[in-house]
Amino acid sequence: TNPTKSPSQGPTLSPTTKAPVAGTLEPTKSPTQFPTYMPTTSPTMEPTKSPTQFPTDAPTTSPTMEPTKSPTQFPTDVPTTSPTKAPVIATPDPTTSPSKTPSTPPTAAFPPLVYVGDNGSPGDGTFPLGKCQGDCDDDDDCESPLKCFQRGGTQPVPGCTGTGISGKDYCYDPNPPTPSPTPCPDMEIVVNIVTDNYPEETSWILTNNCDGSEITPDEYVEKEFSHVQPYCLPLGEYTFVIEDTYGDGICCGYGRGSYEVTSNGVSVASGGEFDGTEASTFGSCSTTSPTKSPVVATLEPTVSAAPIASTKSPTPTGSPLSITAAPTEITYRPGDLKVPCDGGKLLLSTGLDCKRLTTYDERVQLANGSRSSEKFHEDADGAAVIPHPTDGGWYYTSNSESSNGGVGTLRFASNGDVIGYDRTLRGTIDNCGGGRTPWNTWVSCEENDSDGYCHEVDPYTKFTQRVQVVARGGNYESFAYDDEDPSAPNGYRFFITEDSSDGALTRYTPDDSAYTGNNYDILNTANGVYEYLVLNERQGTFTWSTSYSAGKTSASDFFINSEGIDVHDRILSFTAKAEKLLYTLDLEQQTYIVTSTVSGAFDLQPDQIGRILGEADVLYFCEDGGSNCDIHGRDGTGKYFTIVEGTGYDSETTGLAFSPDGMFMYVAIQSNSHIYSFWRTDGMAFNGTVAETKYH
């Protein structure tokens, strides 16, 4: 089957199941990690088979016909009221032969670019233009609320596919609605190819090993472009083979290409560096879909009298019961270091648990039982969490502070499971810190003296570029933004720290011409303004000077070796690790205060910082090297406390980040590239109420 390369409909990232009916054939097969706190009275037909890592939220009564494939995230708080005697559904044996062709035609992500006219001509009602139509000269040429996307070549237009005519401008939707997923009853396979500088050399074949059918794409012509192609296919075993006719792969000698294949949202193949071909096989021919109508069988429930700590209660899906939730007991006590993790390598605060996710030079264990095609990168450093744009999951982008440098990206499902890993940025050196942009890309900075710069990475499209946020090479660390400055063109200003004895703190303001409608242009357009922080110690005030020399002098006088940085509500916080200081700048009043972190909380130097907001509003810090590599917090009253103590490590803790919902905290131990995931055992987010906090 040869699917079209640019069909009209967006991919479905999460297939749905059949409509729910009364009762279930069997319990869910992905129960929660933690036991419920009170017994339930509506048991399942048979014991759980394969517990997953994270808790579910609340039980429901009308499950789907098939077992749920991914549990919900939080533990149940109260029991159901009575066991159900209602008959449940049994399903006869499914058919054994999958169909030989895809069950539905493949679809592409967005409509193609179409050139229909110019300067209001033809005047037959063609203007104003619709979505992905051109050529527009300004927003008035587009139907409301569409905008005109100005191009100087063949840059991709948001929400559209293809290249269109070079230099022509096209209408696009700056605030597209979130599409409803199209049901895919079997296997949704998505192929994402980011081409290198020779796209015509790249091709691939997806073969159904159960019936021999094949899918191949049209020839690629767009350089360094993300081609996302989704397919709804029968259940079965598939082999994906990617080929480069020149024999040098698609990364990294002639561009930074890459590929990733997902099956029902789980990464099953990825890479970019290979010779002539690379192959991956996934799925099974023994797995088929039931095609007959279900029949009814009545089974008596078995009531469990009391909970057992090691028993994981499965949670059916469907309509929720009418229940009254009991208050959640808060068990998280930061600073009460009593919980060992990973064989005692870490000591956690009471109410936390953790799991190690990665190790340097090893393939990452994925939730489906397979491992990543690429090995995890060396010397993990600064990192951020970037939300996936559609499916509720997220990415953890992690720097590599090594001679090989670059960025590696872990892919998480919406329940916190690891479902993929790939090397997103290559060809850089000693990528140390960085930060997230307002449009959800990662800026990775090199600590490489005169050759060190910053690079933008989009983990979703795999797009990368060097950006112009610094005026010269240096040992750059962290990146943050302020999007609430009324005096800034378009409201944006960006801040970069430098880890050196006279490393000036840079404030970068893009030129008006950078706001083309393409976010990739904002940090990579000429004529931006570079300013540097100058402190007035006597008055407790500061200014921004265009003098690089003045910025260096202020750094050497006050904030030597600045690293982590954070901006929130017009308050900028950054650490100066040499003097163990935290600077807090009020960007509106242009005043600042400085506090010492030497209060029993830090044994060493404060490094990366992150923020979790909520009732507790805590600023979290990592620690840079030594025998106790810890994670600490500072609340709004100025008190410090320890979250995690790295008793078994003699290295740097870094890469501190939180999942978009605040349920998971991530941190890296640099020496072995150990990435840890932490969560609260009371099922609450890290920004929930903190009880009985122990301060140092």
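Residues numbered from 1 in each chain as written. Predicted model: local features only at pLDDT ≥ 70, side-chain atom pairs only at ≥ 80, totals over all residues. Heavy atoms only, no water.

### Looking at the sheet that holds strand β29 (residues 464-467)
Cut-off, in case you're wondering: Two strands qualify as a pair provided DSSP detects at least 2 bridges between them. For helices the rule is a DSSP run of H or I covering at least 4 residues; for strands it is a run of E covering at least 2, with both sets numbered from the N terminus onward. Working convention: axes come from line fits to C-alpha atoms, limited for helices to the stretch in contact. Angles between N-to-C directions cover 0 to 180 degrees.
With antiparallel pairing, 4 strands are arranged side by side in an open sheet as β26-β27-β28-β29. For this open sheet the edge positions go to β26 (431-436) and β29, each flanked by a neighbour on one side alone. The mean inter-strand angle of the sheet, taken between neighbouring strand axes irrespective of direction, is 30 degrees. As paired strands, β26 and strand β27 (residues 442-446) are joined by 4 bridges and run antiparallel to one another. Counterpart to N431 in the pairing with β27 is E446.

### With respect to the pairing of strand β43 (residues 653-658)
To keep it simple, the criterion reads: Think of it in three bands: residues with accessible area under 20% of the maximum for their type are buried, residues over 50% are exposed, and the middle band is partly exposed, with areas taken using a 1.4 Å probe on protein chains only.
Counting buried positions along β43 gives 6 out of 6 residues, so the element sits mostly inside the fold. Sheet topology note: the β43/strand β44 (residues 665-669) ladder contains 4 bridges and is antiparallel. Its bridge partner being in β44, T654 is matched across the sheet by A668. With antiparallel pairing between neighbouring strands as the criterion, β43 and β44 make up a hairpin whose turn holds 6 residues, including G662 at a positive phi of roughly 75 degrees.

### Some words on helix α1 (residues 548-558)
Our working definition: Here the arc refers to the set of directions running from the helix axis out to each C-beta atom. Whether two residues are in contact is decided by their heavy atoms, any of which lying within 4.5 Å being enough.
Within the span of α1, buried status applies to G551, S554, A555 and F558. Buried residues of α1, viewed axially, fall in a sector of 100 degrees; they line one side. Residues of α1 that are buried in the fold lie against β33 (529-536) and β37 (581-586).

### Examining the packing of aromatic side chains
Worth spelling out the cut-off: What counts as a ring pair is set by centres within 6.5 Å for rings of Phe, Tyr and Trp (its six-membered ring), and what kind of pair is set by the plane angle: stacked under 30 degrees, edge-to-face over 60, tilted for all other angles. Working rule: Lys NZ or Arg CZ, within 6 Å of ring centre, within 35 degrees of ring normal, means a charge sits over the ring.
Applying the stated rule across the entire model yields 30 aromatic pairs. Within the aromatic cluster, the residues linked to one another by ring pairs are W204, Y231, F240, Y259 and F274. Here R466 stacks its cationic end above the ring of Y453, 3.7 Å away from the centre of that ring. Above the ring of Y548, the side-chain terminus of R472 is found at 3.8 Å from the ring centroid.

### Here's the deal with the pattern of salt bridges
So the rule is basically this: Here, a salt bridge means any side-chain nitrogen of Lys or Arg that lies within 4 Å of a carboxyl oxygen of Asp or Glu.
Under the definition given, this model contains 16 salt bridges. Across the salt bridge formed by E273 and R426, the nearest N and O atoms sit 2.4 Å from each other. Of this pair, E273 sits in the loop between β14 (266-271) and β15 (277-283) while R426 sits in the loop between β25 (418-425) and β26; the two residues are 153 residues apart in sequence, bridging distant segments of the chain. Since its relative accessible area comes to 12%, R426 is described here as buried. Between D499 and K577 there is a salt bridge, and its shortest N-O distance comes to 3.3 Å. Of this pair, D499 sits in the loop between β31 (493-498) and β32 (506-509) while K577 sits in the loop between β36 (571-576) and β37; the two residues are 78 residues apart in sequence, bridging distant segments of the chain. Classification of D499 by relative accessible area gives buried; the value is 10%.

### Remarks on the sheet that holds β14
Strand order in the open sheet made by the 4 strands is β9-β6-β13-β14, with antiparallel pairing throughout. A single partner strand is all that each edge strand has here, and the edge strands are β9 (226-233) and β14. With strand direction ignored, the average angle separating the axes of adjacent strands in the sheet is 15 degrees.

### Thoughts on the side chain of D458
How we decide: In this charge count, Lys and Arg are treated as positive and Asp and Glu as negative; neither His nor the chain ends contribute. Throughout this description, a polar contact denotes any pair of N or O atoms lying within 3.5 Å of each other; where both atoms belong to protein, one of them has to be capable of donating a hydrogen while the other can accept it, and for residues adjacent in sequence the pair is counted only when both atoms sit in side chains.
Tracing the sequence through the fold places D458 in the loop between β28 (454-457) and β29. This buried residue, D458, is left without a salt bridge; K462 holds the nearest opposite charge, at 8.1 Å. For D458, the side chain forms a polar contact with the side chain of Y520, separated by 2.7 Å. Excluding residues that lie within four positions of it along the chain, D458 makes contacts with T424, T441, F463 and Y520.

### Quick notes on a negative patch on the surface
For clarity, the threshold we go by: Like-charged residues are merged into a patch within 9 Å and nonpolar side chains (Val, Leu, Ile, Met, Phe, Trp, Tyr) within 5 Å, provided each residue has over 30% relative accessible area and no salt bridge. Reported accessibility uses the Shrake-Rupley method at a 1.4 Å probe radius. Residues are deemed covered only where the shown protein chains occlude them. Note that the charge is assigned to NZ on lysines, CZ on arginines, CG on aspartates and CD on glutamates.
On the surface, a cluster of negative charge is made up of D483, E484, D569 and E588. Among the secondary structure elements, E588 is positioned in the loop between β37 and β38 (591-596).

### Structural notes on the confidence of the model for the protein
What counts is decided by this rule: Across the chain, each position has a pLDDT score giving the predictor's confidence in that residue, from 0 to 100.
On average, residues of the protein score 76 in pLDDT, and 71% of them are at 70 or above. When the criterion is pLDDT under 50, residues 1-108 qualifies, and its contacts beyond four places in sequence or with other chains add up to 299 contacts. In the model, residues 599-616 has pLDDT below 50 throughout and makes 89 contacts with residues more than four positions away in sequence or in other chains.

### So, the state of the cysteines
Stated formally: Note that a disulfide, as used here, is simply two cysteine sulfur atoms within 2.5 Å.
Tallying each qualifying case throughout the model produces 8 disulfides. At a sulfur-sulfur separation of 2.0 Å, the disulfide partner of C132 is C160. Handedness here is read from the sign of the S-S torsion; for C132 and C160, about -90 degrees, the answer is left-handed. Of this pair, C132 sits in the loop between β2 (114-115) and β3 (133-134) while C160 sits in the loop between β4 (147-149) and β5 (170-172); the two residues are 28 residues apart in sequence, bridging distant segments of the chain. According to the relative accessible area criterion, C132 is buried, its value standing at 0%. Residue C160 is classed as buried on the basis of its relative accessible area, which comes to 6%.

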